[in-house]
Amino acid sequence: MNDATSDTQRAFRDLLHAQRVWDTDLPGFDPATAPHSPVPLFHAWFAEAVAAGQPEPHTMTLATVDAGGHPDVRTLMLHDVDDRGWHFATHATSAKGRQLAARPYAALGFYWPAQGRQVRVRGPVTVCAPAESSADLHARSTGALAAALTGSQSDVLGSGEELARAADAAWERARAEPDAEVPTWTRYTVEPHEAEFFQGDARRRHIRLRYRLEDGAWVRELLWP
């Protein structure tokens, strides 16, 4: 490693180590008062994240496994949480869509630093009916429809100019045909078999409450931080 690289690396580490976590008052969390299933607690925590001004609280990480058995992860939007599970949507022909078709199991992660909270969800993934997938797409904005119409997600792109042409054409079609169908657009549901709620603590006495599905019933247990 030469001197210039050493200086760059040192500057990066200094910057990294200067960052602080949760320089704010964090909410309390008594796991004894938590509901008996994870969905009501997620609804409550989500509302509290919004009230606390957390930017984009509806974004989440989605982890899948590729054909070689290697983990893959990306950030996308949550579309709903109900008694079936956590919902999101993408093209069935995208990388994540192909991975889920081969191995229909996923993990989700939410991070709301405004309150020092994380939520993790794991479980099998099911494909929603075509009518629900279509309704999901058309309940969103013109821009979302245009994005879905633009091209083959995750395929190799030849150039920025190719993307610009395709995007312009997709926007024109989305405005002219707001009910246009996108056959590959698919809504998925992660059925939770595990859900963990993490409340950070400035003194590192973090609270971790895990819900685990066992014989059709939820078991609640605390985890060491």
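Quick notes on the rules
Residues numbered from 1 in each chain as written. Predicted model: local features only at pLDDT ≥ 70, side-chain atom pairs only at ≥ 80, totals over all residues. Heavy atoms only, no water. Helix = DSSP H or I, 4+ residues; strand = E, 2+ residues; numbered from the N terminus. Expected span 1.5 Å × (residues − 1). Buried < 20%, exposed > 50% of the residue type's maximum accessible area, 1.4 Å probe, protein only. Arc of directions from axis to C-beta. Phe/Tyr/Trp six-rings, centres within 6.5 Å; stacked < 30°, edge-to-face > 60°.

Caption draft 1: Examining helix α2 (residues 38-51) more closely. Helix length check: α2, at 14 residues, gives a terminal C-alpha distance of 20 Å against a target of 20 Å (1.5 Å per residue), a fit within 8%. Turning to α2, its buried residues number three or more, namely Pro38, Val39, Leu41, Phe42, Trp45 and Ala49. For α2, the buried positions fall inside an angular range of 155 degrees around the axis, keeping them on one side. Count one or two residues on from α2 and you reach Gly53, which has phi positive near 80 degrees.

Caption draft 2: Region of interest: the packing of aromatic side chains. Here the structure, examined in full by the defined rule, presents 12 aromatic pairs. Here the aromatic rings of Phe29 and Trp45 are separated by 5.1 Å at their centres, their planes lie at 75 degrees, and the arrangement is edge-to-face. In this pair, Phe29 sits in the loop between α1 (3-18) and α2 while Trp45 sits in helix α2, placing the two residues 16 residues apart along the sequence. Summarising the burial analysis for this pair, Phe29 and Trp45 share the class buried. Their ring planes at 45 degrees and their centres at 5.9 Å tell us that Phe110 and Trp112 sit as a pair that is tilted. Clustering of aromatic rings is evident, with ring pairs tying together Phe29, Trp45, Phe197, Tyr211 and Trp218.

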